[in-house]
Amino acid sequence: KEIYTKSCIACHGGDGEGAFPGVPDFASSNGALSKTDEVLVDHIINGFQSPGSPMAMPPKGGNPNLSTTDISMVLSYIRKTFGK
């Protein structure tokens, strides 16, 4: 939760639905969380441009200090909190 709050919430929102148009909705049953962990970890590590989004997510959400463990923990938190 701490990592999400510090590194993700500004764009993805407290409810996981995206803070502005084009940001993936984690709460949608066919949204970003329908992808595999492998794909999502790649998107987090390398950044990702969602179709229709005016801007790309920067690598590691703009936090270069995130470790692989941090990324796994935040993905687990996102799935538990917002996944269907």
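Residues numbered from 1 in each chain as written. Predicted model: local features only at pLDDT ≥ 70, side-chain atom pairs only at ≥ 80, totals over all residues. Heavy atoms only, no water.

Colleague: So what's going on with the overall build of the chain? Residues and values would help.
Modeller: Scanning the chain for helices and strands turns up 4 helices and 0 strands. Starting at the N terminus, the α and β elements of the chain follow one another as α-α-α-α. Compactness check: the chain gives a C-alpha radius of gyration of 11 Å against a globular reference of 12 Å for 84 residues, within 12% of the reference. Dimensions of the chain along its principal axes, counting C-alpha atoms only, are 30 × 25 × 25 Å. Per-residue burial for the chain yields a buried fraction of 30% across its 84 residues. (Helix = DSSP H or I, 4+ residues; strand = E, 2+ residues; numbered from the N terminus. Rg over C-alpha atoms; globule rule 2.2 N^0.38 Å. Buried < 20%, exposed > 50% of the residue type's maximum accessible area, 1.4 Å probe, protein only.)

Colleague: Can you break down helix H3 (residues 37-46) residue by residue, with the values?
Modeller: Taken residue by residue, H3 has Leu40, His43 and Ile44 as its buried positions. Seen end-on, H3 carries its buried residues on one side only, within an arc spanning 95 degrees. In the segment just after H3, glycine 47 is the residue with positive phi, at about 85 degrees. (Arc of directions from axis to C-beta.)

Colleague: Could you give an account of the nonpolar core, naming the residues involved and the relevant values?
Modeller: As a rule of thumb, soluble globular proteins bury nonpolar side chains together. In this structure, Tyr4, Phe26, Leu33, Val74, Ile78 and Phe82 are the most contacted members of the largest nonpolar core, which totals 14 residues. Within the residue set of this core, elements represented by two or more residues are helix H1 (2-7), H3 and helix H4 (68-82). When residues in this core are grouped by element, the largest group, 5 residues, is from H4. Among all residues touching tyrosine 4, those that are not within four sequence positions of it are Ile9, His12, Gly13, Gly16, Phe26, Val74, Tyr77, Ile78 and Phe82. (Core = buried A, V, L, I, M, F, W, Y, C linked by side-chain atoms within 4.5 Å. Contact = heavy atoms within 4.5 Å.)

Colleague: Go over the environment of glycine 61 with me, naming the residues and quoting the values.
Modeller: By the element assignment, glycine 61 lies in the loop between H3 and H4. Overall, glycine 61 belongs to the partly exposed group, its relative accessible area being 28%. If we ignore the near neighbours within four places in the chain, the residues touching glycine 61 are Ser7 and Ile44.

No statement about biological role is implied by the geometric values presented.
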